[in-house]
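Per-entry structural report
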Amino acid sequence: MWNLLKIELFKIFKRPRTYIAFGAIAAIVFLFQIALWFDGKTYIDLILSNIDASFDFSEQFKTRLLNGYFVCFAVLNILLIQMPLLVALIAGDVIAGEANMGTLRLSLTKPVGRTQYMLGKFFASSIYTVSLLLFLAVLALFGSILLFGTNDLVIFRSNSIHQMSHDDIFWRYLAAFGYAAVALTTVASLAFLLSVFADNSIGPIIATMSIVIVFTILSEMNIPLYDKTIKPYLFTTHMVAWKGFFYVQSNEEGATIKGSIENLPAILKSLFVLLTYIVLFVSSAIWIFRKKDILS
Amino acid sequence: MADIIVAKNLFKQFNEIKAVDDLSFSVPEGNIYGFLGQNGAGKSTTIRMLLTLISPTSGEIEIFGMDLRKHRKEILKRTGAIIERPDLYKYLTALENLRIFATLSGGRITQRRLMEQLEKVGLSERANSRVKTYSQGMKQRLGIAIALIHEPPLIILDEPMNGLDPQGIADMRNLILHLSRDMKKTVVVSSHLLSEMELIADSMLIIDKGKKVVEGKMTELFAPSETIVELQANDVTAVYEKIQQTDLKKYVLSRKGDIILFRVHRSIVPMLVKDLVQMNIEIISLSPRHSLENYFLSLTTENQHVESFKN
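Nothing here was measured: the structure is a model prediction, and the numbers come from that model.

Calculation rules
Residues numbered from 1 in each chain as written. Chains lettered and ligands numbered in written order. Predicted model: local features only at pLDDT ≥ 70, side-chain atom pairs only at ≥ 80, totals over all residues. Helix = DSSP H or I, 4+ residues; strand = E, 2+ residues; numbered from the N terminus. Buried ≥ 20, exposed ≤ 12 C-beta atoms within 10 Å, placed from the backbone. Pairing = 2+ DSSP bridges. Contact = placed C-beta atoms within 7 Å. Axes fitted to C-alpha atoms, helices over the stretch in contact; angles between N-to-C directions. Domains from an automatic or database assignment. Core = buried A, V, L, I, M, F, W, Y, C linked by C-beta atoms within 7 Å. Parallel < 35°, antiparallel > 145°, perpendicular 65-115°, else oblique. Left-handed = near helix turned anticlockwise from the far one by under 90°. Nonpolar A, V, L, I, M, F, W, Y, C, P; charged D, E, K, R; others polar. pLDDT = per-residue confidence, 0-100. Bend = angle between axes of the 7 residues up to and from the residue.

1. Details of the overall build of chain B
Looking only at helices and strands, chain B features twelve helices and 14 strands. Projected onto the principal axes, the alpha-carbon positions of chain B cover approximately 75 × 40 × 35 Å. Per-residue burial over chain B gives 40% buried out of 311 residues.

Structure representation (structure tokens):
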């Protein structure tokens, strides 16, 4: 199993297309950071203009607002929606790409169990996903801290503002990145499942993205009928729950309770839903692949 | 000599299509076993069943005396294969490809052993070149290196000469002979290149539409003492009926279009000619044929398919 995993990782990281995703992330993060470095004030004014007019923000507050933690949060808000495409590029290719190249049949004439073979590929895709997130974390979090320094983090929601002390933030990012890894692995496992049906990687990649887009639209729709019937069962509804780590509880005086999370059970429930999807997708992929005739 | 592969009553159905239909055969140890058939006859499906890429709808396969379904890994550890094209990871080097498949083959294989293997197939100088820069012949040689890296006693080659130039075909032929004669390996080769199979095979199986047509040793099936004689004549229908009323009918192999084929001992040929002349048949041509191709043609059923196969 370890040998299979090493082989799969070797193949993934030797392939030039693997680095497209890393390049895309680096480009987006750098462009965003550069823009805020030169014109952060305008961006902050734009954000605050969407907040209730009854709040009066001082210039000092605005200056403190633009810090590394805030920039990282903004980057994640943008990028974690786009990352499923980058994950699908690799995960959708793992089986279908091998079928297309003709290497699948050669590999399966070797004394390797099909279940082991699939698990090796799935774990390799998951490691790729996590490495992509780690790369994002280093650039977005550490890069932003380096450029903008640290300060308290203020998060704006439609009906509330959450403020966290600068020494109560780092662990939240670790938790958020960990959660995002599970969310993206769900997308990877969907692409992995679809990859079993195809002999060309374009199909699974497009199918994965189509499903993610349709489910995301359904998750975002404000239709009461769907709130309890469909939305709770869509994995896309639960993919954004990482934000919950930045929603804090307040005491009676309205001050933030350090180390608190507003709704931890909701986050754990979402995590459970995502893990269930991963198990469902991967076990289905293995079950189908074990029975599949290799005709490519 | 023991049989290394024994297949019994294999069936494979893809939806409505019967790709393999009640096929039984056995491959003797140490033989070069030719697997012949037209395109679509079921050769590749059968080969893929031997390599567990395709599951039979029904039937049994034993290799090395073990049930293939129950002992898949043990059997594949002792089997090397090339299926059709030698498709490899084009973005990796020859050495990296070889290392990957050597690891999958399960052996502990050193860098030195990998290089030796590349040396054997004449690729050591290009070991670190990406496979996408290789010619078809070089890819085929790398495919052979991969198939043999774990020194399997059984080698299964599906259309190994496809896409090779004449020199490549000759090299492949010599390699197959070397594997069998010098290294005592059993080699199963499927091919539609009948003239090549004639040069190398010890035994053969001919299949048509998924069914066995004939199986046996080349020396028995295709005895040098026997020959096939092709008769072309005016009004073949009448000639055919005339022959059916004589003793010559026992020599008739088949009738295809305006040709009647006889299978006779060489010593019978003069008598055959004499009898045909005495029967006042208007002979256009009477020619002996003595090749696997003609034997194959005489056994397969649909003439127009055979003709396109010849081309």
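2. Thoughts on the sheet that holds strand β5 (residues 66-67) of chain B
Residue and element names in this part refer to chain B. With antiparallel pairing, four strands are arranged side by side in an open sheet as β2-β1-β4-β5. The open sheet has two edge strands with one neighbour each: β2 (17-28) and β5. Where strand β4 (residues 58-63) lies against β5, two bridges are found, and the strand directions are antiparallel. By the bridge assignment, I63 is partnered in β5 with M66. Sitting on the sheet, helix α1 (residues 43-50) touches β1 (3-14), β2 and β4, and the angle it makes with β1 is about 120 degrees.

3. So, the interface of chain B and chain A
Contact with chain B, which involves 22 residues of that partner, is made by 19 residues of chain A. With four residues, the top contributor of residues to the side of chain B that touches chain A is helix α3 (residues 94-104) of chain B.

4. A closer look at unusual backbone geometry
All names here are of chain B. With a phi close to 55 degrees, D22 is a non-glycine residue in the positive phi region. By the element assignment, D22 lies in strand β2. One non-glycine residue with positive phi stands out, namely F64, at about 55 degrees.

5. Some details on the domain arrangement of chain B
Taken as a whole, chain B is organised into domain 1 (3-218) and domain 2 (226-310). Measuring from the centre of the C-alpha atoms in domain 1 of chain B to the corresponding centre in domain 2 of chain B gives 36 Å.

6. Looking at the nonpolar core
Ranked by size, the top nonpolar core spans 149 residues in total, and within it V87, A180, A191 and F192 of chain A together with L98 and A145 of chain B carry the most contacts. If we skip the residues at most four places from it in the chain, V87 of chain A touches T129, L132, L184, V187, A188 and A191 of chain A. Core analysis: the second largest hydrophobic core is formed by twelve residues, V229, A233, V239 and Y251 of chain B among them.

7. Some words on the sheet that holds strand β10 (residues 211-217) of chain B
Residue and element names in this part refer to chain B. Overall, mixed pairing links the six strands, which are arranged β6-β7-β8-β3-β9-β10 in an open sheet. Looking at strand neighbours, the two that pair on one side only are β6 (79-83) and β10, the edges of this open sheet. Averaged over all adjacent pairs, the angle separating strand axes in this sheet is 10 degrees, with direction ignored. By the bridge criterion, five bridges tie strand β7 (residues 154-158) to strand β8 (residues 186-191) in an arrangement that is parallel. For L157, the partnering residue across the bridge sits in β8 and is V189. Its contacts with the sheet put helix α5 (residues 136-148) on β6 and β7, and the angle it makes with β6 is roughly 155 degrees.

8. A look at the packing of helix α8 (residues 170-196) of chain A against helix α9 (residues 202-220) of chain A
All names here are of chain A. Running from N to C, α8 and α9 point in directions that differ by 135 degrees, and their axes come no closer than 9 Å. By the angle between their directions, the pair α8 and α9 is classed as oblique. Taken as a pair, α8 and α9 cross one another with a handedness that is right-handed. For the pair α8 and α9, contact is made by V187, L190, A191, L194 and S195 and by P204, I205, A207, T208, I211 and V212, respectively. Class assignment for the residues of the contact of α8 with α9 results in nine nonpolar, two polar and no charged.

9. Describing the confidence of the model for chain A
With 98% of its residues at a pLDDT of 70 or more, chain A shows a mean pLDDT of 87. Ranking the helices and strands of chain A by mean pLDDT puts helix α12 (residues 264-291) of chain A first, with 94, and helix α3 (residues 59-65) of chain A last, with 76.

10. Digging into the pairing of strand β13 (residues 259-265) of chain B
All names here are of chain B. Here β13 shows a buried face lined by I260, F262 and V264 and an unburied face lined by I259, L261, R263 and H265. Bridge analysis of strand β11 (residues 226-233) against β13 gives seven bridges, and the strand direction is antiparallel. What sits directly across from E226, in β13, is H265. Alignment of strand β12 (residues 252-256) against β13, held across four bridges, turns out to be antiparallel. The residue bridging V252 from the neighbouring strand is F262, located in β13. Count of turn residues in the β12/β13 antiparallel hairpin: two residues, of which G257 carries a positive phi of about 60 degrees.

11. Considering the environment of H162 of chain A
All names here are of chain A. With respect to the secondary-structure elements, H162 resides in strand β2 (residues 161-164). Through-space distance from the C-alpha of H162 to that of P232 is 25 Å; in sequence the pair is 70 residues apart. Apart from residues lying up to four places away in sequence, H162 is in contact with I155, F246, Y247 and V248.

12. As for the confidence of the model for chain B
All names here are of chain B. Model confidence for chain B is summarised by a mean pLDDT of 84, while 91% of its residues fall at 70 or above. Within chain B, the element-level pLDDT minimum falls on helix α12 (residues 303-310), averaging 40, and the maximum on β5, averaging 93. pLDDT under 50 marks residues 302-311. Its contacts with residues more than four places away, or in other chains, come to seven contacts. Scoring the predicted complex yields pTM 0.82 and, for the interface, ipTM 0.81.

13. Brief notes about helix α4 (residues 68-91) of chain A
Within α4 of chain A, the axis deviates most sharply at L80 of chain A, by approximately 40 degrees, and proline P84 of chain A lies no more than four positions further along. Extensive coverage of α4 of chain A is indicated by the burial of 18 of its 24 residues.

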